[in-house]
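Each chain, written out:
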Amino acid sequence: MAASELYTKYARVWIPDVEEVWRSAELTKDYRQGDGVLQLQLEDGKELEYKLDPKTNNLPHLRNPDILVGENDLTALSYLHEPAVLHNLKVRFTDSKLIYTYCGIVLVAINPYETLPIYGSDIINAYSGQNMGDMDPHIFAVAEEAYKQMARDERNQSIIVSGESGAGKTVSAKYAMRYFATVSGSASEANVEEKVLASNPIMESIGNAKTTRNDNSSRFGKYIEIGFDKRYHIIGANMRTYLLEKSRVVFQADEERNYHIFYQLCASAHLPEFKALKLGKADNFHYTKQGRNPVIDGIDDAKEMSTTRNAFTLLGVNESYQMGLFRILASILHLGNVEVKDRDSDSSIIPPNNGHLSVFCELMGVTYQDMSHWLCHKKLKTATETYIKPVPKLQAINARDALAKHIYAKLFNWIVDHVNKSLHSTVKQHSFIGVLDIYGFETFEINSFEQFCINYANEKLQQQFNMHVFKLEQEEYMKEQIPWTLIDFYDNQPCINLIEAKMGVLDLLDEECKMPKGSDDSWAQKLYNTHLKTCSLFEKPRMSNKAFIIQHFADKVEYQCDGFLEKNKDTVNEEQIHVLKASKFDLLVELFHDEEKATSPTGAAPTTGGRTRLSVKPVKSKAGQSSKEHKKTVGLQFRNSLHLLMETLNATTPHYVRCIKPNDFKFAFTFDPKRAVQQLRACGVLETIRISAAGFPSRWTYQEFFSRYRVLMIQKDVLTDRKMTCKNVLEKLVQDPDKYQFGKTKIFFRAGQVAYLEKLRADKLRAACIRIQKTIRCWLARKKYLRMKHAATTIQRYVRGHQARCLAKFLRRTRAAIIIQKYQRMYVQRTCYKRKQAAALAMQCILRAYMARQLYKALLREHKAIIIQKMVRGWLARQWFKRSLRAIVYLQCCIRRMRAKWELKKLKIEARSVEHFKKLNIGMENKIMQLQRRIDEQNKDNRSLSERLNGLEISHAAESERMRVEVHRLRGAEEDAKNNANKVTTLLEELERLRKDLKNTQKEKKAIEDWAKTYQDEMEQMISELKEQNHLLKNEKNDLNRLIQEQGQQWTEKMQRALKEETQQLENDLNEERSRYQNLLTEHLRLEEKYDDLKEEISLAVNVPKPGHRRTDSTHSSNESECTYNSEFAESEEGSRGGEDVSKAILDMSLFLKLQKRVSELEQEKQSLQNELDRREEQFQRARARDDEEHKKARGAELEYESLKRQELESENKKLKHHLNEMRQSLRGSAEAGSAAPGSPPYTVLLDQLNSSNEELEVRKEEVLILRSQLVSQKEAMQHKATMTEPLPYIEDVQKLTDAKEISQAYMGLKDTNRLLESQLQAQRRSHDNEVEVLRGELQSVKEDNNRQQQLLAQNLQLPPEARIEASLQHEITRLTNENLELHSDDPKEYKAYRISMLRRMVDLMEQLEKQDKTVRKLKKQLKVFAKKINDLEGGQMDVSPGQTTDEPVHPVNIPRREKDFQGMLEYKKEDELKLVKNLILELKPRGVAVNLIPGLPAYILFMCLRHADYVNDDQKVRSLLTSVINSIKKILKKRGDDFETVSFWLSNTCRFLHCLKQYSGDEQFMKHNSPKQNDHCLSNFDLAEYRQVLSDLAIQIYQQLIKSMENILQPMIVSGMLEHETIQGVSGVKPTGLRKRTSSIADEGTYTLDSIIRQLNSFHSIMCQHGTDPELIKQVVKQQFYIIGAVTLNNLLLRKDMCSWSKGMQIRYNVSQLEEWLRDKNLMTCGAKETLEPLIQAAQLLQVKKKTDEDAEAICSMCNALSTAQIVKVLNLYTPVNAFEERVSVLFIRTIQTRLRDRKESPQLLMDTKVIYPVTFPFNPSSLALETIQIPGSLNLAFLTRV
């Protein structure tokens, strides 16, 4: 493909960058061939001109499409190069928080520096059994792949974990080992997997230390072989270690620590057992304080010490050995504190009595003098003599440190050897999986011998890795028949030859070590002379003559020669070793004892690998031992052990894990591109990419290619043959045939071709989208135009109509205006005329009136003058009398006026006073009424005053008239007055005075009127204020009522919520207890099965059969039956004892004791739960007894009556027994006499007894009737008592109000009064309604009673005479019980005590009656038996009597009516029990029974057999039958427990058997739905409540077995049907896959679909329905099924990045809707199954909703309430666009979600627990099937059963 087609405008490329290594840029101009510059734009918008190299003219790397970014496998990328790999890892690590990524066969693991919840047992279970490509990358996926290949290919496996220090190698290896231990388990009870895991804390404590790069850095390499047997269970392990860093014991750099074990010892120094070690803080010892950082954040060394000691104990290292190890470690610390001082320049000395040396010698058991001497001296040997030479201080210190390192190395070897011994297994190893945890490529500023050995090992591993990758590529091409072309890859064999070949670096180093005067300088010169000119990989630094450079596969490394010889020799003073060997400390001697047993390099692999092994021989050594074997250098040892390791790895199938350190600062999820690129180059990941890119890295199956690129094809290109279709399309799309190859099943593409095809696909989809958009926009525009056109037409129509209406309105208004004007003008003219006419008439009238008035006035004057004269004359006569009278009246008026003013003032003062105001306000309504009456009185007074005033006015007018008359009279006597002038003056004065008095009287009248008006206003104001106050009080009353109602409603809601929460809590607690109990049952069953398996294995191993004692399964199961339900355990104990008698050497008693102890613990726990249940029942009984005690006194008479009746019944019972005995004696006597004729005495006694029994029954019936009448009378008495004690209404005294709040109190009193009146009214209404209802109910009950009586009468007439009495008696008891229970509906609170007492009394009476009935029935049966015997005797006499002739009539024989008298029982013999169990349980096929017979038939048959055993009162038979049934069901389930149909069949029958035991137990709570005949069939002699509990436990076990069987069938279908299969074809596309090919989502012939799941669900449902399983139980099973489907689907969704897309969410929702539709079809929507799918539904919705804004985040948080925060974040992180049109979820949005969900309180667990089984309940489900109607088919082979 031409570059011009790819490097076009907007194409994105990668360019080198100093800081970020690679930066992304976009072309702003098309590239043309020959251009030397590319026009680019960076992501920040900066323009850039990128110059191409003129020599190579190489273009920059192209960037992959966004849809491929974040892939699980790096080989799935279209462009395979370094920037693509780096960017993909960065996106997954920082954005998606995914630390694992595949790179072909390599798993790249990036250290997150944060604890992640992805290593729990739920994750392990999720990855177990899955294909490697189906799940997201994980260390568990690699471990599972290794485990599966080991089992499939029968080939050993290896997992090679490498990386820098701090990259997480140790943790990855630890998790891989944990996976094997969890998945495989151990083959025995020795818990080997726990021991394998326990070796980790030991090796970490003695081999790990804190470095600047890692807090728990492994300072040695190890290879752990985990052994498996033929069944692939762990049987043991073996560990090999390499190159322990001994120098760390004596020296640590800054910010580093020594090995963890030293700090753990110091932290535990305060413990009593460590007092003798004389330790202290780590800062007190030289070997632990050099790093100046003795503490690791978050690590408790004391706690870690406890873990280490526990691990030692688990691995079998006893306490004494542990203390010995700690003594040696403590002595090393004390040795480091030994001070050496200079004696002179050539010698040194240790001061005497050095404290630390004394402690060292004491702990090591050596002498102080010898050790102090040889620390400062050394022995030199020549051919003839031996010299002891002192050493200077520096050499003495080095000798001390060498001794410390040597001791620690020996201790390390000893611990490793003992760990291997503990993990060694006696069972033959079939295969193994090796886990190699080894250091990665290292390069520092100063590199020495350790880095040289590490890089040498990595060169060997890289070579093996390259060859393996090359081999896999070759195998893939050959498998697909692709032409093989040689791929050029880097071969590091020259570098390996430079190191290990003859005359190589190691060879020259060993040769120099043998030289007497060898030095680092001379060795460097030999290297220069040998390799500088001959090997291009070897270089010499310019500025140094003591260093050399080697070109490794990862990088150039410069090594400093200083110290190489000394570290390679690893010498130690031999005399110091002799001193230690002479120790009294046994463990120390044992450590150095192995030096005499050195093995040759060709022997077995050394367990110490690269550790220093210096053998110091004694003087008298054997001549046969070679001294050279003791002088092996460290380099030689490491090379030999490395060769052995490579041989092991080459013999296995390797799996690679490359650990990457993202940054040097241990920041969580922080990615440093520079550091990452260095490690990727060093660990071989980029080499893998390069090898893949050199060939055909992209590989598609034909079906996947067709599904993905179907859009690029036209209809005629699509053929039935997918392969030909793909070939034709590719030939059209890609012109260069070298860019792809067609294999047998796949298409192989060169690098970049998939990106080109994706570009074509995106262009095609984009064009299709544009076309769709164009069409839709055209349709929308046309719709809009038509809508606008229609709107315009409508608007025009309405406007024109409006205009026409306006015109018509204008015309109408104009005409109306003209008419109005006409009439207005006419009205104006007429009005003007009328006004003028009226004015003229008025003027005339006024003038005429004026003239009349003038005439009248003149006449009036004359008349008045006459009257005045008359009046004056009369006045003079009566003047003296009136003067006196007026004076008296005036005086009276003044006095009354003065008193009235005083009274008014007093009233005003009282009105203003508080007390008066209070009195006025006392009793608002009364006061208002008084005020109203006073106002009425005042009005009456006002009316009387006004009438009085009117009278005064009238009298005054009359007086005035009289005065006028008198004036007339006086005028007449004017002449007389002239004569008496003085009298006239006096009269005038008197007249003036009278006028003044008249004015005063008028003023007083006006004042009185004003006062009355003022008083009236005040009263009106007061009334208005009172009305306002009354209104306010009414409002306050309404507010208070509303508040009370609101508070009442709130309290009601609160109480309802509290009650609901408490109920929910109780339900949860009950479910937890039930689940716990059922889990205990499951554990108990598992232990029993395991115990049986072990017993069978032991019996097979012993294999000592006795002749004549072999038994079949059926006899074995029956003969083993015991009297209790745990008989299996008892029989297993007997079997174990028998096994001990046969072969005690083979039998492991400890195992049996452990199992026995476990079973006994489970039994005890079960018993404790049962005791707790009994205790609570006893508490309830005691509470009920207390209630009985409270009503005991009230029941005195009744109890006495009951006791009397009980005594009478007992006496009657004794009398009946006495009669029976008499009858037996008489029969016995008659049998001896041989006479049993009808007239004989026995026959007479028999008839008398029958008659007395009938009479007794009649008497009992009359007593029951009397009892009924007494109960009715007591009921009436209680009702009368309740009526008499009814509470009286409470009336508050309103006259006692005395304080300021009395008004509100009065109001409250009135409110209470009103409320009370209302309540009384409502109570009366309710009582009336209740009376009406009671009357109606009584009428209805009378009708029903009448009907029942008629039915009973009809039934009794059909019954025989004996059964009539029993039926009538039972009917009376039932009727009395019903009447007694009717009291429950009257008034629960009032009649609670009465109800309880009467119920209990009736229960007691019924129990007594039932006992008497049973006794009577038993006597009747015995009488029948005796009657039958008598008839037989009579028949015999008739046969043998010689005097009887054939003509004599035959005596009638009693022939029983089988169908009518059948009691629903089956009789069998004791010896037939085994045959019954065998035919009905062990050999019964469920399919035939379910199809041909009634459901639950075996349960009915077994219960009918049990009824007969109960009927004959045979407890041994009952116990034996129940035990045999339980054991047989367990045996058949153990044999065919994987068959769903069998388990469902026996679950149904076990539940039916349990229901029968309850239904016919005689308990009233289970007899409510029984018919009278079924009540007659109840068990009479035995209480089987305990066996009901045993059967309930058995049903729980069968239910759990059913769930497991169902889960095993559904499990393989769920992921394929719910996730992978495309139910809606074409919605989701297939993305490019890498080397780790995932399961295809295209439905092939062998894959499961959603229809498969639904068909299986239908099968489950139909099977359970056919077997007659209870509907409630079916609902619980369906709920469990749907939970498993939802949990498994969601777990796989959370672990598969390729499934988290929008289209997959649509597929899931469609699948869930199909499941819901299935629930609707089966009427199971209420079973709770839909709710179990809620997490899956919300996850699917989360994949489809918008995920951008804060509103979207809020909607997601409110929507996903069934998902945990971890699950929501995981789905968002995994969300992957399938098409280019989808967008990724931003990191900011995910952080917003996390912030909003921060306050949620939930479990941090990521996955749902698929092993959860909901607690099951078995609701009582009575059967309406009558036992006497059941027929036993002949196919069951139960002819030995007899119907009774």
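These numbers were taken from a predicted model, which means no experiment stands behind them.

With that settled, consider the overall build of the protein. In terms of helices and strands, the protein carries 54 helices and 26 strands. The buried share of the protein, taken over its 1844 residues, is 44%. Long-range contacts, defined here as pairs at least 24 residues apart, represent 74% of the contacts in the protein between residues at least 6 apart. Of the roughly 100000 Å² of accessible surface on the protein, a fraction of 54% belongs to carbon and sulfur atoms.

On to the sheet that holds strand S1 (residues 12–17). A sheet is described by the order of its strands in space; here five strands give the open sequence S4-S3-S2-S1-S5, paired in antiparallel fashion. The two strands at the open ends of the sheet, each matched to only one other strand, are strand S4 (47–51) and strand S5 (61–62). Where strand S2 (residues 21–27) lies against strand S3 (residues 37–42), three bridges are found, and the strand directions are antiparallel. Directly across from Leu27, in S3, lies its bridge partner Leu40. Against the sheet, helix H2 (residues 82–95) makes contact with S1, S2 and S5, and its axis sits at roughly 100 degrees relative to S2, the strand it touches most.

Per the stated rule, a full pass over the model turns up 49 salt bridges. The partner of Glu273 in a salt bridge is Arg309, and the shortest N-O contact between them spans 2.8 Å. Placement of the pair is Glu273 in the loop between helix H7 (260–267) and helix H8 (286–289) and Arg309 in helix H9 (residues 301–314), with a sequence separation of 36 residues. The shortest N-O distance in the salt bridge between Glu1716 and Arg1720 comes to 3.9 Å. Remark: Arg1720 and Glu1716 occur in helix H49 (residues 1702–1721); sequence separation between them is four residues, near one turn of the helix. Bridged by salt links that share partners, the residues Arg219, Glu245, Arg248 and Glu256 form one connected network.

Locating Tyr559 in the fold gives a position in strand S20 (residues 556–560). For Tyr559 and Ile446, which are 113 residues apart along the polypeptide, the C-alpha to C-alpha distance reads 7.0 Å. Of the polar contacts made by the side chain of Tyr559, one reaches the side chain of His552; its length is 2.6 Å.

Moving on, we get to the packing of aromatic side chains. Scanning the model with the defined rule gives 38 aromatic pairs in all. Between the aromatic rings of Tyr321 and Trp414, the centroid separation amounts to 5.6 Å while the plane-to-plane angle is 20 degrees, which identifies the pairing as stacked. Note that Tyr321 is positioned in helix H10 (residues 319–336) and Trp414 in helix H13 (residues 393–423), a separation of 93 residues in sequence. In this structure Trp414 comes out as buried when scored by relative accessible area, which is 4%. Within the aromatic cluster, the residues linked to one another by ring pairs are Phe449, Phe452, Trp523, Tyr528, Phe538, Phe548, Tyr559 and Phe564.

Let us now look at the sheet that holds strand S17 (residues 431–439). Pairing between the strands of a sheet comes from backbone hydrogen bonds, and it takes one of two forms, parallel or antiparallel. Spatial strand order, S6-S7-S21-S8-S17-S11-S12: seven strands in an open sheet with mixed pairing. Looking at strand neighbours, the two that pair on one side only are strand S6 (100–103) and strand S12 (234–242), the edges of this open sheet. Recorded for the sheet is a direction-independent mean angle of 20 degrees between the axes of neighbouring strands. Summarising the sheet, strand S8 (residues 157–163) and strand S21 (residues 653–660) pair through seven bridges and their orientation is parallel. Looking at the pairing, Gln157 lines up with Thr653 of S21. Strands in contact with helix H4 (residues 139–153) are S6, strand S7 (106–110), S8, strand S11 (221–228), S17 and S21; relative to S21, the strand with the most contacts, it is inclined by about 170 degrees.

Moving on, we come to the pairing of strand S22 (residues 698–701). A two-sided burial pattern is seen for S22, the buried positions comprising Ser698 and Trp700 on one face and Arg699 and Thr701 on the other. Both S22 and strand S24 (residues 746–749) contribute to a ladder of four bridges, which runs antiparallel. Opposite Arg699, over in S24, you have Phe748 as the bridge partner.

Another point: the packing of H13 against helix H20 (residues 586–593). Taken N-terminus to C-terminus, the directions of H13 and H20 make an angle of 90 degrees; their axes are 9 Å apart at the nearest point. What the angle tells us is that H13 and H20 run roughly perpendicular. Contacts between H13 and H20 involve His406, Ile407, Lys410, Leu411, Trp414 and His418 from the first element and Leu587, Glu590, Leu591 and Phe592 from the second. Partitioning the contact of H13 with H20 into residue classes produces six nonpolar, two polar and two charged.

Right, let's talk about the nonpolar core for a bit. A general feature of soluble globular proteins is that nonpolar side chains tend to end up buried together. Core analysis: the largest hydrophobic core is formed by 321 residues, its most contacted members being Phe180, Met371, Tyr408, Trp523, Phe548 and Leu580. The contacts of Phe548, once residues within four sequence positions are left out, are Val505, Trp523, Leu527, Tyr528, Phe538, Glu539, Pro541, Val557, Glu558, Tyr559, Cys561 and Phe564. Ranked by size, the runner-up nonpolar core spans 32 residues in total, among them Ala25, Leu62, Val729 and Leu757.

Let us look at the pairing of S3. Of the two faces of S3, only the one carrying Leu38, Leu40 and Leu42 is buried; Val37, Gln39 and Gln41 on the other face are not. With five bridges joining them, S3 and S4 adopt antiparallel strand pairing. Within S4, the residue paired with Gln39 across the bridge is Glu49. Counting the residues in the hairpin turn of S3 and S4 gives four residues, including Gly45, whose phi is positive at 95 degrees.

Further remarks concern the side chain of Gln252. As for its placement among the helices and strands, Gln252 is situated in the loop between S12 and H7. Accessibility expressed as a relative area gives 2% for Gln252, which makes it buried. Side-chain polar atoms of Gln252 contact the backbone oxygen of Arg248, separated by 2.8 Å. A polar atom in the side chain of Gln252 sits 2.8 Å from the backbone oxygen of Tyr287.

Right, let's talk about the environment of Lys1747 for a bit. Structurally, Lys1747 is set in the loop between helix H51 (1734–1744) and helix H52 (1750–1759). Sequence separation between Lys1747 and Phe1789 is 42 residues, and the spatial gap between their C-alpha atoms is 7.3 Å. Non-local contacts of Lys1747, meaning those with residues more than four positions away in its chain, are made with Leu1742, Asp1752, Ile1756, Leu1772, Tyr1775, Val1785 and Phe1789.

With 75% of its residues at a pLDDT of at least 70, the protein reaches an overall mean of 78. Below pLDDT 50 for its whole length, residues 596–630 participates in 67 contacts with residues either more than four positions away or in separate chains. Note that pLDDT drops below 50 for residues 1638–1645; the model gives that stretch 21 contacts with residues more than four away or on any other chain.

As a further point, take the packing of helix H48 (residues 1671–1694) against helix H53 (residues 1765–1774). Where H48 contacts H53, the two axes come as close as 9 Å, and the packing angle between them is 50 degrees. Relative to H53, the element H48 lies oblique. Residues Leu1690, Leu1693 and Leu1694 of H48 form the contact with H53, whose own contacting residues are Gln1767, Lys1770, Val1771 and Leu1774. Residue composition of the contact of H48 with H53, grouped by class: five nonpolar, one polar and one charged.

Calculation rules
- Residues numbered from 1 in each chain as written.
- Predicted model: local features only at pLDDT ≥ 70, side-chain atom pairs only at ≥ 80, totals over all residues.
- Heavy atoms only, no water.
- Helix = DSSP H or I, 4+ residues; strand = E, 2+ residues; numbered from the N terminus.
- Buried < 20%, exposed > 50% of the residue type's maximum accessible area, 1.4 Å probe, protein only.
- Contact = heavy atoms within 4.5 Å.
- Areas by Shrake-Rupley, 256 points an atom, 1.4 Å probe, with all protein chains shown as cover.
- Pairing = 2+ DSSP bridges.
- Axes fitted to C-alpha atoms, helices over the stretch in contact; angles between N-to-C directions.
- Salt bridge = Lys/Arg side-chain N within 4 Å of Asp/Glu carboxyl O.
- Polar contact = N/O pair within 3.5 Å; in protein donor to acceptor, adjacent residues only side chain to side chain.
- Phe/Tyr/Trp six-rings, centres within 6.5 Å; stacked < 30°, edge-to-face > 60°.
- Parallel < 35°, antiparallel > 145°, perpendicular 65-115°, else oblique.
- Nonpolar A, V, L, I, M, F, W, Y, C, P; charged D, E, K, R; others polar.
- Core = buried A, V, L, I, M, F, W, Y, C linked by side-chain atoms within 4.5 Å.
- pLDDT = per-residue confidence, 0-100.

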